[in-house]
Amino acid sequence: MELWLVRHGETLWNREGRLVGWTDLPLTPLGRRQARALRGLLPPLPAYSSDLRRALETAALAGFAPTPTPALREIHFGALEGAFWEELEAVHKEALLRFHRFAPPGGERLEAFQERVFRFLEGLREPSLLFTHGGVVRAVLRALGEDGLVPLGSALAVDWPVRVLKRFNAEP
């Protein structure tokens, strides 16, 4: 089934190099431009969004009124929420880079996060647009045998659960 995964636009913490999971931040001016650049590029499909402001704002600026969906939230970083990437302990950096066995103190284990996201995807019955976060997109890519981070304000289409179909980065 065709799914379009859209990563939200830039937030202040993204710009500062901080981990941002469940903290509900708005888009920066650049993030709003990234979201507006998506308008007209995405297909007119049913839309779902993380219930966090940055994803909902991206969807609205891209021209969609999505159904807010907590299952599409980023991973909960617990005590690491807001931490600067450069200051993270090596064990946490390594687990995030490998996207394997990440378990932030007081947060959501990577396996539980993936289960939450995949349970939602398996419940979809029609092609859809999903306005979400980098971790969600990366989890989907990993499940499809690929890996990598996608830029803020970008989108990709996948044939779930088979393969990646198309990637594009909207230029603000």
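Small disclaimer: the values here were computed from a predicted structure and weren't measured.

Participant: Could you give an account of the nonpolar core, with specific residues and numbers?
Facilitator: Ranked by internal contacts, the top residues of the largest apolar core, which has 32 residues, are Phe102, Phe113, Phe120, Leu121, Leu130 and Val158. Residue assignment for this core shows that the elements contributing at least two residues are strand S1 (2–7), helix H4 (90–98), helix H5 (110–123), helix H6 (134–143) and strand S5 (154–159). Beyond its immediate chain neighbours, meaning those up to four positions away, Phe113 contacts Arg73, Glu74, Ile75, Phe99, Glu108, Gly135, Val136 and Ala139.

Participant: Report on the sheet that holds S1, specifying residues and quantitative values.
Facilitator: Strands sit in the order S3-S2-S4-S1-S5-S6 across an open sheet of 6 strands; the sheet is mixed. Each having just a single partner strand, strand S3 (67–68) and strand S6 (163–169) make up the two edges of the open sheet. When S1 meets strand S4 (residues 128–132), the two strands line up parallel, connected through 5 bridges. Opposite Leu3, over in S4, you have Ser128 as the bridge partner.

Participant: Tell me about the packing of aromatic side chains, and name the residues and values.
Facilitator: Within this structure, the stated rule accounts for 4 aromatic pairs. Arranged with centres 5.5 Å apart and planes meeting at 75 degrees, the rings of Tyr48 and Phe120 form a pair that is edge-to-face. Here Tyr48, found in strand S2 (residues 47–49), pairs with Phe120, found in helix H5; they are 72 residues apart in sequence, far enough to count as distant. Given a relative accessible area of 17%, Phe120 falls into the buried group.

Participant: Got a sec to walk through the pairing of S5? Specific residues and values, please.
Facilitator: S5 sits mainly inside the fold: 6 of its 6 residues count as buried. Here S5 shows two buried faces, one formed by Ser154, Leu156 and Val158 and the other by Ala155, Ala157 and Asp159. Direction of pairing for S1 relative to S5: antiparallel, over a ladder of 5 bridges. Opposite Trp4, over in S5, you have Ala157 as the bridge partner. Remark: 3 residues form the turn of the hairpin made by S5 and S6, two consecutive strands paired antiparallel.

Participant: I'd like a rundown of the pattern of salt bridges, residues and numbers included.
Facilitator: Scanning the entire structure with this criterion turns up 12 salt bridges. For Arg15, the salt bridge goes to Glu10, with nearest N and O atoms at 3.3 Å. The partner of Glu16 in a salt bridge is Arg18, and the shortest N-O contact between them spans 2.8 Å. By sharing partners, the salt bridges in this structure join Arg138, Arg142 and Asp147 into a single network.

Reading the values: rules and limits
Residues numbered from 1 in each chain as written. Predicted model: local features only at pLDDT ≥ 70, side-chain atom pairs only at ≥ 80, totals over all residues. Heavy atoms only, no water. Core = buried A, V, L, I, M, F, W, Y, C linked by side-chain atoms within 4.5 Å. Buried < 20%, exposed > 50% of the residue type's maximum accessible area, 1.4 Å probe, protein only. Helix = DSSP H or I, 4+ residues; strand = E, 2+ residues; numbered from the N terminus. Contact = heavy atoms within 4.5 Å. Pairing = 2+ DSSP bridges. Phe/Tyr/Trp six-rings, centres within 6.5 Å; stacked < 30°, edge-to-face > 60°. Salt bridge = Lys/Arg side-chain N within 4 Å of Asp/Glu carboxyl O.

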